[in-house]
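What follows is each chain in one-letter form.
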Amino acid sequence: MTKSELIARLAARYSQLVAKDAEFTVKMILDAMTQSLVKGQRIEIRGFGSFVVKQREARAGRNPRTGRRVAVAAKRVPFFKVGKELRQRVDGEPNAAAPAGDAALSQN
């Protein structure tokens with residue numbers, strides 16, 4: 001699902017929500033999440049998963065084209081850890097029931 005598909009589904013699901021409002025809402029949520037990660041904060045969405053920023057140390061890498069060793073600088077990278085409920089639902093486990101009102105957003 002792309003961001004534009006999410007916006008379209010939200011606008012279709014909630015008739016009182018104009019597409020512009022749905023777009024603004026999605027953008028604000030993603031911006032808030034991005035800013036939290038930039039600050040190094042953890043984001044946890046119960047039943048979905050959590051986002052954290054991990055520190056990767058500097059290391060020696062290898063250029064796949066030439067085979068030469070290259071220095072890879074230390075960096076911070078976002079990391080997503082899937083929640084138990086989402087993992088069970090994706091895996092098709094029968095005990096993982098969908099929350100009420102979620103059916104319209106989860107359909108293809």
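Residues numbered from 1 in each chain as written. Predicted model: local features only at pLDDT ≥ 70, side-chain atom pairs only at ≥ 80, totals over all residues. Heavy atoms only, no water.

Draft legend 1. Region of the structure containing the pattern of salt bridges. Summed over the entire model, instances satisfying the criterion amount to three salt bridges. With a shortest N-O distance of 2.9 Å, K27 and D31 are connected by a salt bridge. Of this pair, K27 and D31 both sit in helix α2 (residues 19-38), separated by four residues, roughly a single helical turn. K27 sits in the partly exposed class, given a relative accessible area of 42%. A relative accessible area of 33% places D31 in the partly exposed class. Of the charged contacts, one joins R46 and E44 as a salt bridge, the two residues approaching to 3.1 Å between their closest N and O atoms. Under the relative-accessibility criterion, R46 is labelled exposed at 73%. (Salt bridge = Lys/Arg side-chain N within 4 Å of Asp/Glu carboxyl O. Helix = DSSP H or I, 4+ residues; strand = E, 2+ residues; numbered from the N terminus. Buried < 20%, exposed > 50% of the residue type's maximum accessible area, 1.4 Å probe, protein only.)

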